[in-house]
There are 2 protein chains.
Amino acid sequence: MAKRVIIVGAVALGPKAACRIKRLDPSADVTIIDKDNLISYGGCGIPYYVGGDVGEIEGLCSTSAHVLRDQKFFQNAKGVEVRTQTEALSINRMAKKLKVRNITDGHEEDLEYDSLVLATGATPVCPPLPGIDLPGVSVVANLHHAKLIKEMVSRGEVENAVVIGGGAIGIEMAEALNDLWGIETTLVEMMDQLVPTAFGKEFALLIKNHMEEKGIRVLVSEKVTKILGDKKSGVTAVKTSSSDIPCDLVVLSMGVRPNTQLASDAGLALGGFGGILVDHGMKTSDPYIYAGGDCVEIPHLVSGRSVLLPLGSLANRQGRVIGTNICGGCERFKGAVGSFCLKVFDLGVAKAGLTLQQAKEAGFDPVHAVVVQSDRAHFFPTQQLMYMKLIADRNTRRVLGIEALGAGGDAVKARVDAVAAILPYKADISDVSNLEVAYAPPFASAMDIVNNAANTLENIMEGRNKPVDTIDFLSDFKNNKTRVLDVRSAVQSGPFIKKYGEQWLNIPQEDLALNMEKVPRDEPLHLICGSGPRSYEAQLLLRKNGINNTKNIQGGIGMLKFSDPVFAPPD
Amino acid sequence: MAKRVIIVGAVALGPKAACRIKRLDPSADVTIIDKDNLISYGGCGIPYYVGGDVGEIEGLCSTSAHVLRDQKFFQNAKGVEVRTQTEALSINRMAKKLKVRNITDGHEEDLEYDSLVLATGATPVCPPLPGIDLPGVSVVANLHHAKLIKEMVSRGEVENAVVIGGGAIGIEMAEALNDLWGIETTLVEMMDQLVPTAFGKEFALLIKNHMEEKGIRVLVSEKVTKILGDKKSGVTAVKTSSSDIPCDLVVLSMGVRPNTQLASDAGLALGGFGGILVDHGMKTSDPYIYAGGDCVEIPHLVSGRSVLLPLGSLANRQGRVIGTNICGGCERFKGAVGSFCLKVFDLGVAKAGLTLQQAKEAGFDPVHAVVVQSDRAHFFPTQQLMYMKLIADRNTRRVLGIEALGAGGDAVKARVDAVAAILPYKADISDVSNLEVAYAPPFASAMDIVNNAANTLENIMEGRNKPVDTIDFLSDFKNNKTRVLDVRSAVQSGPFIKKYGEQWLNIPQEDLALNMEKVPRDEPLHLICGSGPRSYEAQLLLRKNGINNTKNIQGGIGMLKFSDPVFAPPD
């Protein structure tokens, strides 16, 4: 008899697993059920549909050959039955039956399975705020929300919008509303930085500055207490800990929670973050039930801990693993290092592994370096600056994480993906120093930024390079606590000397050896150059001459002027 | 007493090692000698100087902060003495002395060393062809050649040019001459494909087609027998096995040979390809002599063999390792996987690991897949096609190599770098299937091309997907030996049916199950779709129905029309 497979959820993992099963075993009897009537869509594309990059919503639920992925498509092209508007009610594990209900007519039925796949996804976090259910307040989870928001903005009903939650979706939605529709948009984040689970403070600040430059109002450390308005005319304002922000639209993007009721009711094991627990084969605690995608926890390959990583890419890869294993294979999904990327207006940002904070929480002793360098040969005309942070453990020199951003988004992602690839192998700093990224002047430097980041990190770890982060420097400098020795040219440092007077000294690095007597010996000194290497050379030379109380500003002027526009030189 | 280090060669590795030594040990006494008067330049940038992307030659020998890297710079900013126009004559290993001669005044001198570094580079291959020394014939090895060629072209003296050698530099020079200067350029390659050491035939053909589309005449399998002209008016033509090609400039780019005379005379061990042998610490067979860069052989981390890989990026990384080790460290340079990238007009091309041919020669049993897919989410407006070939060993499933190209050069390089990163770890196909490249619609697909390439390769290896390469298909099809079943839509296949009549059938994949009786059962059939996945689905369905004599054209129409412009659909 044909193998019967029931899959709950028809968005990403469900269809992937279903099609894989049919390809491996064309005689298998595969059924997907889903509560919704819209299925198999690229949910991550919603901000681009709202922002106009994707013209029609069908673009998000079509194949690359422009064929609509609807029930008929799955039946004819894939041999997979899809029952939409069908809800999974309960699992009878003993009898291997799934009870389902047709939402339109209420009809209930028991579906027998040999293998069951739970691809139940996740639900947006929706806190019990007063006014959260007002018209004009929406989460961004499925195509219905996408349509609703796009209809509102395209009818011209929205002059002001508030996005609550500064994660990836919040940032993408803020850009979409502001960029295409010219809507005055405020992004409100409760934590003291944007993308707190993905980036450290330094780079989150760069993202914030870029968004503000593009016209988004960004409020961090700001708690929303209430949404104002009435049932009839909808939302009118968002009340926060510090003010009322008038608006016609509120987008909630406060993260998601795994949908595990079905699994939990059936007694399947859940993890500490509430996701379904699965083994390396994506099998739950019931050997006939698999689960994957946003509803499961997976091992983080750097921290070793179990984590939730709701990403369409992981869901697809897991879907294939499940399909293979249901057909008798033994494919493994080993876990993830948390690779992440995001377009923020003109910037591409990407990261993998742990942030400094996460590394500490996982028991490491993290050391980090920040470097700024061209993404191509510095003499190549299309070169643009890239900003990179590399983190390693002091004791083992194991690389723990990387963050990067720059105008060349693909180039940023290239470096992060290459480092991400070796994180599961417990790569150490030397492995990144010698990481063999391909070189030609139109695409890279001979000593690529990723190699230089590792070299810098090693110098810091071994105590040769004594660094200070931009944020810490800014705090010290503004409190008048420290002076800067700028080792760039007189021309480059001129505007800073003019502005900061005695607080900003200049001796070009190549003249430093001959001008040692001009360096103040009895006070802490912050060293700066364009991006870091020359101030490091200066630091070594000063040390050789007995001047030890110096700190090298990580990423130099490049990092400084992006961290605080006050330091951008006049045009 | 201060450590005395002598370095022979001041282009890439030499200066890198010198500066690293001074940073680790500021008291070290470091001298670099070089025959040339121009030092520390980015030789890989020469084509971009000739082609105008880099305006002034100083751009190639300046730091990213626009400081000229000349003798004064090394003295003042780095504390390193550079003696230019100084030739190394011989090494007295017993006495640890290097005999040098000043080229300008003939003065000879013995320099004592504690550590000696050989960074002697490589010399362009210059075969003993009649006419090779005529005016207007030049190699591309240093800034003097660069100036000479640029002066000729910018004076308008060159109407026709011939580039001999279809490797990276030949291709870059052909583009430079043609693109900025509008010079009629012919590229002549002796082998039957371009970039034969980097790419297999399929992708080399795509590169050739793209160059021809841009106006370069590309001749492969063409041997140059003579260069015609006279001493007074210079070169007039290149004589090949099949014709005379008139020209005013001949650029020789036939590869390089390591400069090892000094090492060899001193009795240092050389490898099978004539490079200096070094250990993982970049030490030669003499424990006081290090070597690196274009003059050494290094281990290929996939084939396990010793190879020559003359690349500025490897030289820089090795230079740092040498510097560290001279100062008492124990850094290792483990080898390389042969990562390579190249801009060819609008294309970015990249590869890592072994080609199919190299894999066979190294004793593997290689299997390969070719996939064509968008470099971003297929619904994202800036998406462009990427072409990728992935190679693995049949017995161990170890990934051996990757080749990719596309209009989004950084995106191409991103995928290749990520796979290259795990090649040294003996990654298998599953590791690439689940390779965690970061995902967001502006930068990748949820199931990225690199994951799909591995999935396709696995399906081929397990015999589910029976493929045929474009080149083999074209040969069969043109000899009228086979028919095509096009499983795209009627609209898409229409022009092909019109052109090829009975030889081109059409049944859309989603209609195939219901039209099985229309499929010819008794003849070999080539299946095609847009890029490969639907024809694979069709192949499975046909097999289920007892039709086994089918082959799935790798990369579908996407690959076919790029391989032979005849198959490009009419606009």
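Residues numbered from 1 in each chain as written. Chains lettered and ligands numbered in written order. Predicted model: local features only at pLDDT ≥ 70, side-chain atom pairs only at ≥ 80, totals over all residues.

## Some remarks on the overall build of chain A
Stage number 1. The secondary structure content of chain A amounts to 16 helices and 31 strands.
Stage number 2. The C-alpha atoms of chain A give 27 Å as radius of gyration, which agrees with the globular expectation for 571 residues (25 Å, within 12%).
Stage number 3. Look at the contacts in chain A between residues 6 or more apart in sequence, and 65% of them connect residues 24 or more apart. (Helix = DSSP H or I, 4+ residues; strand = E, 2+ residues; numbered from the N terminus. Rg over C-alpha atoms; globule rule 2.2 N^0.38 Å. Contact = placed C-beta atoms within 7 Å.)

## Comments concerning unusual backbone geometry
All names here are of chain B.
Stage number 1. Phi at M282 is positive, roughly 70 degrees, even though this residue is not glycine.
Stage number 2. Looking at the secondary structure, you find M282 in the loop between β18 (276–277) and β19 (289–291).
Stage number 3. Notably, N480 is not glycine yet its phi reads approximately 65 degrees, a positive angle.
Stage number 4. Note that N480 resides in the loop between α13 (470–478) and β28 (483–486).
Stage number 5. For N480, a count of 8 C-beta atoms within 10 Å puts it in the exposed group. (Buried ≥ 20, exposed ≤ 12 C-beta atoms within 10 Å, placed from the backbone.)

## So, the interface of chain A and chain B
Stage number 1. In this assembly, 77 residues from chain A lie in contact with 77 residues from chain B.
Stage number 2. Take the side of chain A that touches chain B: its biggest share by element is eleven residues, from helix α10 (residues 409–422) of chain A.
Stage number 3. Classifying every residue of the side of chain A that touches chain B by side-chain character gives 42 nonpolar, 20 polar and 15 charged. (Nonpolar A, V, L, I, M, F, W, Y, C, P; charged D, E, K, R; others polar.)

## Focus on the domain arrangement of chain A
All names here are of chain A.
Stage number 1. Segmenting chain A into domains produces domain 1 (4–122 + 257–326), domain 2 (137–254), domain 3 (340–461) and domain 4 (467–567).
Stage number 2. Taken together, the contacts link four residues of domain 1 with seven residues of domain 3.
Stage number 3. Among the residues forming the side of domain 1 that touches domain 3, the class breakdown is two nonpolar, one polar and one charged. (Domains from an automatic or database assignment.)

## Quick notes on the relation of the copies chain A and chain B
Stage number 1. In screw terms, the move from chain A to chain B is a rotation of 180 degrees and a rise of 0.0 Å along the axis, fitting with an RMSD of 0.0 Å. The two molecules are tied by a two-fold rotation axis, judged by turn and shift.
Stage number 2. Taken together, the interface assignments show that 100% of the residues at the interface of chain A recur at the interface of chain B, consistent with an identical surface on both copies. (Least-squares fit on C-alpha atoms with pLDDT ≥ 70 in both.)

## A word on the sheet that holds strand β18 (residues 276–277) of chain A
Residues and elements named next belong to chain A.
Stage number 1. Overall, mixed pairing links the three strands, which are arranged β18-β20-β21 in an open sheet. The sheet is open, and its two borders are formed by β18 and β21 (306–307), each paired with just one other strand.
Stage number 2. Pairing geometry for β18 and strand β20 (residues 296–299), over two bridges, is parallel. The residue of β20 that forms the bridge with L277 is E297. (Pairing = 2+ DSSP bridges.)

## Considerations on the pairing of β28(B)
Residues and elements named next belong to chain B.
Stage number 1. Strand direction decides the pairing type here: β28 and strand β30 (residues 525–528), joined by four bridges, are parallel. Directly across from V484, in β30, lies its bridge partner H526.
Stage number 2. Alignment of β28 against strand β29 (residues 504–506), held across three bridges, turns out to be parallel. Looking at β29, one finds that D486 is bridged to N506.
Stage number 3. Once the chain exits β28 it traverses helix α14 (residues 490–500) before rejoining the sheet at β29, and the crossover so formed is right-handed. (Right-handed = clockwise from strand over helix to strand, strands pointing away.)

## Remarks on the environment of B:L98
Residues and elements named next belong to chain B.
Stage number 1. Note that L98 resides in strand β5 (residues 97–102).
Stage number 2. For L98, a count of 26 C-beta atoms within 10 Å corresponds to the buried category.
Stage number 3. Spatially, the C-alpha atoms of L98 and A88 are 7.0 Å apart, while their sequence positions differ by ten residues.
Stage number 4. Ignoring any residue separated from it by four or fewer positions in sequence, one finds L98 in contact with I6, A88, I91, L111, Y113 and L116.

## Examining α13(B)
Residues and elements named next belong to chain B.
Stage number 1. For α13, the full list of buried residues reads T470, F473 and F477. Looking straight down α13, one finds its buried side chains confined to an arc of 60 degrees; they lie on one side.
Stage number 2. In this structure, the buried side of α13 is in contact with α6 (201–213), β27 (467–468), β30, β31 (550–553) and α16 (556–563).
Stage number 3. N480 sits one or two positions beyond α13 and adopts a positive phi of about 65 degrees. (Arc of directions from axis to C-beta.)

## Brief notes about helix α1 (residues 13–24) of chain B
Helical geometry: 3.6 residues make up each α-helical turn, so side chains three or four residues apart lie on a common side.
Stage number 1. Its twelve residues give α1(B) an end-to-end C-alpha distance of 16 Å, which sits within 8% of 16 Å, the value for a rise of 1.5 Å per residue.
Stage number 2. The element α1(B) is largely enclosed, with a buried count of eleven among its twelve residues.
Stage number 3. By the burial criterion, the buried members of α1(B) are B:L13, B:G14, B:P15, B:K16, B:A17, B:A18, B:C19, B:R20, B:I21, B:K22 and B:R23.
Stage number 4. Its buried side turned inward, α1(B) meets α15 (533–544) of chain A together with β1 (4–8), β2 (29–33), α3 (71–78), β7 (115–118) and α8 (312–326) of chain B. (Expected span 1.5 Å × (residues − 1).)

## Focus: the sheet that holds strand β29 (residues 504–506) of chain A
Residue and element names in this part refer to chain A.
Stage number 1. What the five strands build is an open sheet, ordered β27-β31-β30-β28-β29; its pairing is parallel. With partners counted over all chains shown, the strands left at the sheet margins are β27 (467–468) and β29, one partner each.
Stage number 2. When strand β30 (residues 525–528) meets strand β31 (residues 550–553), the two strands line up parallel, connected through three bridges. Its bridge partner being in β31, H526 is matched across the sheet by K551.

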